[in-house]
Amino acid sequence: MRYLVRRVGFLLVALWAALTLNFLIPRLMPGNPAESMMAKFHGHVNPAAIKALEVAFGINNHQSLISSYFEYINNTLHGNLGLSLSYFPIPVSTVIMRALPWSLGLVGVSTILGFVIGTALGAVAAWRRGGLLDSVLPPVFIVISAFPYFWIGLLSVWFFALTLGWFPILGGYTETATVTWSFSFVGDILWHAVLPAFTILLTSIGGWILTMRNNMITVVAEDYVKMARAKGLKPRRILWQYAGRNALLPNLTGFAMSLGFVISGAILVEYVFNYPGLGFTLLQAVQNEDYPLMQSLFLLITVAVLVAIFISDIATALLDPRTRSSS
Amino acid sequence: MREKFKGGLAALALALVASTCVLAPSVAGASGQVPLNLDNEQGMEWACSFNPFLPTSSPYSVGVTYETLDFIDALQNAKVTPWLASADAWSNNDKTLTFTIRSGVKWTDGKPFSAADVAYTFNLLKKYPALDSNAVWSVLSSVKQVGSDKVVFNFSTSAVPYFYYVADQVPIVPEHIWSKIANPVTDPISSPVGTGGYIMSKCTPQNIQWTSNPHYWQPGLAQVKTVNMPAFLSNNTANEYLATGQSQYGAQFIPNIKSYYVDKKAGNSYWFPPVANVSLFPNLTVAGLSDVAVRQAISYGIDRAAVSKIGEYGYEPAASQTGIVAPTFSSWSSSTAMKSAGSGYDPAKAKALLKADGYKLDSSGVYAKNGKQLAFTVITNGGYSDWIASMQVLSTQLAKIGIKITVDPITSSNFYADVYAGKFQLAYNVETGGPSPFYEFRQWLYSKNSAPIGQAAASNWERYNSPAVDKLLNQYGATTNVATQHSIMNQLQTIMVQQAPVIPVLEEVDWFQYNTKEFSGFPTAKNPFAQPALYNEPDWGVVLLHLKPLS
Amino acid sequence: MRFLSSLGGALARASKFIRRDKKAAAGSIILFVLLLITAFPSWFAPDNPSAEIYTPGVGLSWSHLLGTTSFGQDVFSQLIVGTRQSVMIALIVGLLSTILSVGIGITAAYSGGMVDDALSLITDVVLVIPTFPLIIVITAYLKAASFWLMVFVLVITGWSYGARQLRVQALSLRNRDYLLAAKARGESSWYVICVELIPPMTSLIVANFLSSALYAVLMAAGLQFVGLGNINTESWGTMLYWAQNNEALSIGLPLWALAPGVAIAILGSALALLNYAFDEIANPALRPVSARRLKKAEA
């Protein structure tokens, strides 16, 4: 019970810190979105109209920092995220909801796949110590995990898309295709998702394989595994239901965190592949100085991570009694 | 179990890949005709807002759906083509402008268009200043409908050049719809109703589709039935779209355009007409840069052709210190000013100018006077890699004449903040310009456009202040006499050469790629009937009207 | 004196392993070569990396080992000169980050109570804040995109994971008998920390250093790739930025885009291999075992 209270307390403090940081950073930085907008559309906005734009965007309205802060907290808690500046006058929530499915789809699925496949491979590699899997996988994946993953993206674009022509070069979908839930459109999305998903999988799977393998090796050396073998249980059963389950525990926290980081972690992959997800939207928001959108995205990412960690902590506490009694 | 697991996984993967390869995406197209696919990368998906007064959405509705009183072509020396207005006349010492409004025009919802809509539109801008993106009410005093087909504009001050903003840049909206909108500043206008040749038929974040208006008031135009404008998140995707032949009309910056685009398919062509100057803005309050000799030396020390070739693949022609963009505005060029500008690149003359002004080369090879080196930082937009490359070339060149330049690329948002506030020594940037050189000159040189260092100035970032020049600019603004206008522009060009308050480096071009095999009617150097870039309003709408499908 | 000798003992064991373990040997050799290039780039680079005077768009050739860029610069020279920035960022961020992690992690574990709670809270909060977006926001807005700014940002966002790990290990060591004995003897806290607590954690600290260094290299490359680094200096990430913006892959200059990535991968692999080797020192069970010996043991 105390454990639960501590975790909730931590969650609230972290949330408050994130909100405040979120509020302060854009305000401490120089620059003015109206001017940035003016420059972006140079050729079609009379420079003298800058004041009018500022009024429309609601900046420079001479509110004190403190009252803006409380207004911001109040608005955020009520879900009023404001109007986006670069997509003016579309609301921020609409922009986010458009990009969310792409991020969840691509990065979420790739992360889960990577975790499942990587953990399984790592467990098997550890079980068959000295075997082919065990001696080949670790060094290969050490090297691969050291590659900047956006570069692997570039490489796969060059090889599979430009040279071989098997997959489209960039994007989430064919631009002029009819956007309906037809079989062909879904197929189009999948076709475009293969290369980015492959990139994410390749770079993340190494980590799962290695940590799972290391954990398994430690667990396999434990007495109860020897006992299980002595009792004559089937090796497969020991691998998955005894050793595997226990070796998995430390990985769960890592997995939860990586799910939370699904959005921010894919920024560069989305950039290289022009995938219209949240990471890319954040990058654009920063470049366009779109405060409301930037803040909301940053907040969304932080909340996602916090919630994921919280859930994993609860899950760990439920699954592993030892954590509940730590000092 | 392991084998079964692995086998299952392999089967799943195979199935996924197979299904994606087999299923071909369907491409939308109406009425059997090949749709025109545009290539206009904006770095984001579409907001699907078509409010013609907001700079974030006007590029997608002004010209295509909403139209203006006249059409003014910058590439034909500001030639005026009557559009929604059939005639116009100045009176009252060029302080009153009367437009005769065309009859027989209908809105796309079938209701008739009239002078009332014109008067309503302009008074809407007065009521909501946030919509007045051309600041027309800074010079207007009243706009009234007179009779059934005339609208009278009264100016509070002589502002003849504002004709361009009033006639060519303000889209006319229907009173019967807009009078019912609660807040026109925040209304996205997702179903725009205009008088134009194209109706916005479908909008998703990924693609905007227009279909031609069957009741358009100009017969024989808008022959292309379907137009698509897909959203691209970066230059790379957009360029691929053009290179693979999926788009027939683009507005892209393409590196190595010959091998990347032109050679790929028959009919792939490009044309980059220059329209304004990308210049070095020296902060005239900074020591060293306040020295005329230094500024002139900088101008003579830049090998503009080399900057263009290395930094911009040669796409942007070298600019002239006179400030006149050639060949677009060559009819305004003053031969006296051109003669005194000389050959443009003259490092020997640059060094001579510095020496004559009392500068001496110091131990590190940089000119200095009274212990102060000629060492400056130039800020440029960090989002434009070609500008950064150009500045790097420029800095190597100026090093040869003993001026040390450090290139500082700044993120866009900070860059504009710094430029407007004057927080720089040198800045590399471009002004908005207009259909004749006067607009750019006024933006450069008119002291009231500027502001003290630390406050935002809309233009004239170098903080130039000359009462004589202000007087010339105001004289130009008060007359419609062409001979007077030319005489004033000649004097301004001589001042540009003699004082070098702004140093034009390259000419900013319209990015334009097109394929002549599927569609004809594109503007070319021989027939420059409109500015071709897809980001110019209302010009790109005019281009669309003149295109014809070939198959 | 005793601190030095126990530290020396730990390092001696480590170096024995480097010689025996193939992975560690490979990693060390690569790192040594890169350090050499960092110190003396002019020995290896044939041309001036920023001079735009060569024929642009040349592919693999004898005069230009990796071809030229579309601006006419020699790719190979850029690669050599750019080594310095990446190696320096890796080492400096690794070092500062580790010092911060060690300081905070061990202080928290050793002090316990309120201090521990407060430091743990700070560590966890910093841990959950998404680093890459934060770094983008900060570097996009602060004026000078300089080397030291990037170091600063990477250090303050990168120390928390290591601190957590070190705290856990320090906690498990804290209650061991020999430490309690030292305290009973009346030794000062500093002595206990430096001589008895830190040396057994050496391999974990070194592993921490290596993973921080790896993190720094990849993050810095990512930031430079997006254009948030210092575009004026030569570095591998900046080469990728220029290659990407000039569509090197599509205009037939793939080496320009691929070579810097390979270089980053080489540096990263060296760090990762050494990291892996140190994992094995810390946990003997992870050391490589040959299949034949295993079969013998099971028989």
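## Structural notes on the overall build of chain C
Right, so step 1: A tally of helices and strands in chain C yields 13 helices and 0 strands.
Right, so step 2: When its helices and strands are written in sequence order, chain C yields α-α-α-α-α-α-α-α-α-α-α-α-α.
Right, so step 3: For chain C, the residues scored as buried account for 48% of the 299 residues in total.
Right, so step 4: Sequence separation of 24 or more characterises 69% of the internal contacts of chain C that already satisfy a separation of 6 or more.

## Some details on the interface of chain C and chain A
Right, so step 1: Taken together, the contact between chain C and chain A spans 42 residues of the former and 45 residues of the latter.
Right, so step 2: Counting only elements with at least two residues in the side of chain C that touches chain A, the list comes to helix 5 (113–128), helix 6 (131–141), helix 10 (202–226), helix 12 (254–282) and helix 13 (291–298) of chain C.
Right, so step 3: Ranked by residues supplied to the side of chain C that touches chain A, first place goes to helix 12 of chain C with 13 residues.

## A word on the sheet that holds strand 17 (residues 375–381) of chain B
Each strand in a sheet pairs with another by means of backbone hydrogen bonds, the pair being arranged parallel or else antiparallel.
Residues and elements named next belong to chain B.
Right, so step 1: Strand order in the open sheet made by the 5 strands is 18-17-19-13-20, with mixed pairing throughout. Looking along the sheet, the strands with just one partner apiece sit at the ends: strand 18 (404–410) and strand 20 (503–509). Within this sheet the neighbouring strands show an average axis-to-axis angle of 25°, counted without direction.
Right, so step 2: The strands touched by helix 11 (residues 385–400) are strand 17, strand 18, strand 19 (426–430) and strand 20; relative to strand 18, the strand with the most contacts, the crossing angle is about 170°.

## Here's the deal with the sheet that holds strand 12 (residues 268–270) of chain B
All names here are of chain B.
Right, so step 1: Spatially, 7 strands are ordered 8-9-10-1-11-21-12 in an open sheet, and the strand pairing comes out mixed. Both edges of this open sheet fall to strand 8 (198–204) and strand 12, since each of them pairs with a single strand only.
Right, so step 2: Summarising the sheet, strand 1 (residues 36–39) and strand 11 (residues 249–250) pair through 2 bridges and their orientation is parallel. The residue of strand 11 that forms the bridge with Leu-38 is Tyr-249.

## Some points on helix 2 (residues 22–39) of chain C
All names here are of chain C.
Right, so step 1: Compared with the 26 Å implied by 1.5 Å per residue over 18 residues, the 26 Å span of helix 2 between its first and last C-alpha is a close match.
Right, so step 2: The set of residues buried in helix 2 consists of Lys-23, Ala-24, Gly-27, Leu-31 and Ile-37. The buried residues of helix 2 all sit within an arc of 155° when viewed along its axis, so they share a single face. Facing away from the buried side of helix 2 by over 90 degrees, the exposed positions are Lys-22, Phe-32 and Ala-39.

## Observations regarding the packing of helix 13 (residues 278–287) of chain A against helix 14 (residues 291–319) of chain A
Residue and element names in this part refer to chain A.
Right, so step 1: Close contact between helix 13 and helix 14 brings their axes to 9 Å; oriented N to C, the two are set at 145°. Our pair here, helix 13 against helix 14, has a crossing hand that is left-handed. Packed against helix 13, whose contacting residues are Leu-278, Thr-281, Leu-282, Ala-285 and Val-286, the element helix 14 presents Leu-293, Met-294 and Leu-297 at the interface.
Right, so step 2: Across the contact of helix 13 with helix 14, the residue classes tally to 7 nonpolar, 1 polar and no charged.

Rules behind the numbers
- Residues numbered from 1 in each chain as written.
- Chains lettered and ligands numbered in written order.
- Predicted model: local features only at pLDDT ≥ 70, side-chain atom pairs only at ≥ 80, totals over all residues.
- Helix = DSSP H or I, 4+ residues; strand = E, 2+ residues; numbered from the N terminus.
- Buried ≥ 20, exposed ≤ 12 C-beta atoms within 10 Å, placed from the backbone.
- Contact = placed C-beta atoms within 7 Å.
- Pairing = 2+ DSSP bridges.
- Axes fitted to C-alpha atoms, helices over the stretch in contact; angles between N-to-C directions.
- Expected span 1.5 Å × (residues − 1).
- Arc of directions from axis to C-beta.
- Left-handed = near helix turned anticlockwise from the far one by under 90°.
- Nonpolar A, V, L, I, M, F, W, Y, C, P; charged D, E, K, R; others polar.

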